Amino acid sequence: MNIIRKIVRHSEYTAEVVIENPSIARSARAGHFVMVRFTPDCPRIPFTIVDASPADGTFTIIIHKGARLADLIGSLHEDYRIGDVLGPLGQAFEIRNYGTVVCCGDGVGFVPIIPVIRALKQAGNRVVTILSEFTSETSCLRANVEPYSDVILHSSEEAATLELMDRVLTEEKVDLTVMTGPTPMMKAIAECTRARQIPTRCILNMVMLDGVGLCGICRVMVDGKRMLTCIDGPVFDAHHVDFDQLQNRQRHFV
Amino acid sequence: MTTIEENNLISRDSEWREELRKRFTTKERTAVPRVKMPEMDAAYRVRCDDEVNQGLSTEQAVLEARRCLDCPDPGCMKECPVSNNIPAFIKNVERRNFGEALKVLSLTTVLPAVCGRVCPQEKQCEHGCIYNKMKKPPVAIGHLERFVADYNRELDETVARQSSAPAVQAPSYFAAIKIAVVGSGPSGLAFAGDMAKRGYDVTVFEALDCFGGVLKYGIPQFCLPNHVVDAEIEKLRTIGVKFVKDTFVGKTLSYDDLQEQGFKGIYVATGAGKPRFMGIPGENLPGVMTANEYLIRVNFSQHEIYGQNVATLKQKRVAVIGAGNTAMDAVRAALRLGAEKAMIIYRRGESEIPARQEEVRHAKEEGAEFLTLHNPLEYIADENGLLKAVRLQRMELGEPDESGRCTPVPVEGDIIDVEVDLAVVCVGFLPNPPVSLPDVDLSRNGNILVDGSSMKSSSPEIYAGGDIVRGAATVILAMGDGRKAAKSMAEAFEEIIRNTRLD
């Protein structure tokens, strides 16, 4: 249980980690996450379940959170036993054939959308992926979505993401937009798709202490109701999320 | 234990009890003043995490036990939610038979060290004590319960478990019956203990990485040290209860999985830990925390990354909204983290404060301020979007409501802003949303609906109790539910086995 079966380091800050845990592997769906505490001294950190193999009893996470975890990533190795892994948590993304789906994310915050892209493609959707960064650090992200995207667009600046999105929405009939990444970007895209009346989901990436609905740090107002990202999310209707409030909270929280 | 032994232990008519009663007159007994719990000095304790109450010495406990009049119709027992045989354990303390005293308690409770610390005794057992009728302070039942549990635990620890072999259960028909408990808080532990004693094969599933539920993540160490909870859990392990962490039943394992794995009975005790808000403007500002966020950060503050929030926690001015036990825990934790000013903001008056009296007194001694008859209207942000102040409406007490408490009513136009750096909202909890429970009826609030006497839900194999049924209540009531559920579930299995054998 909770043994690292494989670890691929893409950079000092980025690693793909395959963890053995048959119960989680069996129940995981796109959109679910796990709370991981590597050692008793570590905090509990939420990670998106990027992939799962019920047959092997394993699932994959991508540690991609910046320098804070660099030391930790360095200390992990194959056969390493992780202290605690809890999951799968959260509500799964509703996967079906929507038609054409645009999936959009920022390089750093892109991880949560990877399993959704794959599942949407497997459900028969035409998937247009917009990846806002393309560096050596994010190449693994691209490799994870490339086989499941009909089109991949990438840009170097945040503003350009919005431009790309606008262009796609003008050029073809889009049935659903899914996005994840920094809150200002999500807010801008939500405004853009709202004007065009295209249903839009956002996948929020929030700080959590327990992941099971106790601490309330991940609270967010959706359609005037207070929701918890850990139990009600992490997927929400972007047109009803109060991004301003979210941004204000995120500015002050680790 | 045989029935005869048990009878000798608890019967008021046993020889030793009668002799003990004759040893002192009622006048001599009532002349003894109530024991005072040794406490750490307020100025010192507020700088550390050490437990405030130091526990009674043996002599203090024996003397306090002498005060108990061993009433023929004891009022204390009637007020105890788990019907502890209070006079029987106290009289065993008086005759210095502390091991037997624990045996008496163990007949009805699995968590005496916890209950002795966190029960609201003044509303329960001590409220029913005969001394109240004599206008004297009641027997310190809570302190004695804690003494008995601590004395025996420490003895166990020093003797290093000489008789380390756990009490072997007589092989029973029930050992083949697997029972799952969802949640390792007080209710789940009480249920697990009772079922294990009856010989069932019990497994407790816990979502978090430590056992004890609210006893661990909620109640701070200075009220209830973690090692006390761990010792109680260890005791359950020795009678055969299995504990599985990091397992969220309904997510990691489904209820169908449990049935597939052969669990024949399920007790759901997932608690009420979902934070409640007042629904006033500004509650989502950075600087406004839920009780759980604050206490979890405090209880796990040794972790480095939470330490990054030390700046957030070591606030200079902390307002705690509410006056229940959780609020007292939060305000006292704030003082320990170095708050310059820590205050309780409560909409009713001082005499309506629902927290345990001892906690209120401790909080005051440690320097907490009490701003009663004030109700938050709004949280106000500074130009950076951070909490700056809380706007309060002054209240006055109106007519008593059905519960006998006076309803607070706003004093028109009397509104003040109090500058604060951190507000901790402690206005109650909602049930943790039960996940994918099959065929179980829930109330509008999300509580599991059960039959009050059997704790049975609408699904035949599933029983439930504790805060998931009651909403936020107390440790002892949660335990009481666990014991009730164990009794009725065991009776249901016995019935089945009887019928099978007749066939």
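By convention here, each chain's residues receive numbers from 1 onward along its written sequence. Numbering of ligands from 1 and lettering of chains from A proceed in the order in which they are written. Whole-chain, interface and lining totals are the exception, using all residues; otherwise, since this is a predicted model, local features are given only for residues with pLDDT of at least 70 and side-chain atom pairs are given and counted only at 80 or more. The side-chain figures draw on all heavy atoms in the structure; neither hydrogens nor water molecules are used.

Trainee: Which residues make up the domain arrangement of chain A, and what values go with them?
Mentor: Residue and element names in this part refer to chain A. As far as domains go, chain A holds domain 1 (3-89) and domain 2 (100-252). An automatic or database domain assignment is the source of the domain bounds shown. Here the C-alpha centroids of domain 1 and domain 2 sit 21 Å apart. The contact criterion used throughout is that any non-hydrogen atoms of two residues lie within 4.5 Å. Contact with domain 1, which involves 20 residues of that partner, is made by 23 residues of domain 2. Among the residues domain 1 hides against domain 2, the three largest losses belong to F33, V50 and H64. Together they make up 29% of the total. One speaks of a salt bridge when a side-chain nitrogen belonging to Lys or Arg is within 4 Å of a carboxyl oxygen belonging to Asp or Glu. Linking domain 1 with domain 2 are 1 salt bridge, by the criterion used here. Linking D51 and R118 is a salt bridge whose minimum nitrogen-to-oxygen distance equals 3.5 Å. N or O atoms closer than or at 3.5 Å make up a polar contact, with two conditions inside protein: a donor-capable atom paired with an acceptor-capable one, and, for residues adjacent in sequence, both atoms drawn from side chains. At the junction of domain 1 and domain 2, the tally comes to 4 residue pairs in polar contact (both at pLDDT 80 or more). Numbered from the N terminus, helices here are DSSP runs of H or I no shorter than four residues, and strands are runs of E no shorter than two. Sorting the residues of the side of domain 1 that touches domain 2 by element identifies β2 (14-20), β3 (33-37), β4 (45-48), β6 (58-64) and β7 (84-89) as the ones contributing at least two each. Split by residue class, the side of domain 1 that touches domain 2 holds 10 nonpolar, 6 polar and 4 charged. Summed over both partners, the accessible area (1.4 Å probe) lost when two parts come together is defined as the buried area. Only Asp, Glu, Lys and Arg are considered charged, only Ala, Val, Leu, Ile, Met, Phe, Trp, Tyr, Cys and Pro nonpolar, and every remaining residue, Gly among them, polar.

Trainee: Could you give an account of the sheet that holds strand β4 (residues 263-268) of chain B, naming the residues involved and the relevant values?
Mentor: Residues and elements named next belong to chain B. Strand pairing follows a simple DSSP-based rule, namely that at least 2 bridges must link the two strands. Here 5 strands make up an open sheet; going across it, the order is β3-β2-β1-β4-β15 and the pairing parallel. Since the sheet does not close on itself, it has two edges, and those belong to β3 (242-244) and β15 (462-464), each with one partner. For this sheet the average axis-to-axis angle between neighbouring strands, irrespective of direction, equals 25°. Both strand β2 (residues 201-205) and β3 contribute to a ladder of 3 bridges, which runs parallel. Within β3, the residue paired with F205 across the bridge is V244. Sheet contacts for helix α11 (residues 186-197): β1 (178-182), β2, β3 and β4; angle to β1, the most-contacted strand, approximately 165°. Axis angles are defined between N-to-C directions and span 0 to 180 degrees, where every axis is a line fitted to C-alpha atoms and, for a helix, only to the segment in contact.

Trainee: Tell me about the confidence of the model for chain A, and please be specific about residues and values.
Mentor: Here chain A averages 87 in pLDDT, while 92% of its residues score no lower than 70. Mean pLDDT across the elements of chain A bottoms out in helix α2 (residues 70-75) of chain A (76) and peaks in strand β15 (residues 235-237) of chain A (96). What pLDDT expresses is the predictor's confidence in each residue, scored from 0 to 100.

Trainee: Describe the sheet that holds strand β13 (residues 422-425) of chain B, with residues and values.
Mentor: All names here are of chain B. As summarised here, the arrangement of the 5 strands in space is β6-β13-β7-β8-β9, forming an open sheet in which the pairing is parallel. The strands lining the two open edges of the sheet, one partner per strand, are β6 (288-290) and β9 (369-372). Direction aside, the axes of adjacent strands within the sheet are offset by 25° on average. With 4 bridges connecting them, strand β8 (residues 341-346) and β9 associate as parallel partners. Across the sheet, M343 pairs through a bridge with E369, a residue of β9.

Trainee: Tell me about the environment of S254 of chain B, residues and numbers included.
Mentor: Residue and element names in this part refer to chain B. Relative to the assigned elements, S254 resides in the loop between β3 and α14 (255-260). Relative accessibility decides the category of a residue: with a 1.4 Å probe and only protein chains considered, values under 20% of the type maximum give buried, values over 50% give exposed, and everything between is partly exposed. Assessed through its relative accessible area of 26%, S254 is described here as partly exposed. Residues S254 and S436 lie 182 residues apart in sequence; the distance between their C-alpha atoms is 7.5 Å.

Trainee: Mind laying out the side chain of N53 of chain B, listing which residues take part and the relevant values?
Mentor: Its location among the elements puts N53 of chain B in the loop between α4 (42-45) and α5 (58-67). Those residues in contact with N53 of chain B, other than ones at most four positions away along the chain, are M37, P38, E39, R146, E358 and H362 of chain B.

Trainee: Tell me about helix α7 (residues 86-94) of chain B, residues and numbers included.
Mentor: All names here are of chain B. Taken across its 9 residues, α7 has 9 buried, putting it largely inside the fold. Taken as a whole, α7 has its buried residues at I86, P87, A88, F89, I90, K91, N92, V93 and E94. Between the side-chain oxygen of the N-cap and the backbone nitrogen of A88 there are 3.3 Å, and the N-cap of α7 in question is N85. Just beyond α7, the residue with positive phi is R96, at close to 60°.

Trainee: Account for the interface of chain A and chain B, naming residues and giving values.
Mentor: Put simply, an interface is often sized by how much accessible area is lost when its parts join up. Counting residues at the interface gives 40 residues for chain A and 37 residues for chain B. Summing both partners gives a buried area of about 3300 Å² for chain A against chain B, and 54% of it is carried by carbon and sulfur. By the criterion of area lost to chain B, the three top residues of chain A are L209, L214 and R219 of chain A, representing 19% of everything that side buries. In this structure, the connection of chain A to chain B is made through 5 salt bridges. Summed over the shared surface of chain A and chain B, the result is 16 residue pairs in polar contact (both at pLDDT 80 or more). Per element, the largest residue contribution to the side of chain A that touches chain B is 6 residues, and it comes from β7 of chain A.

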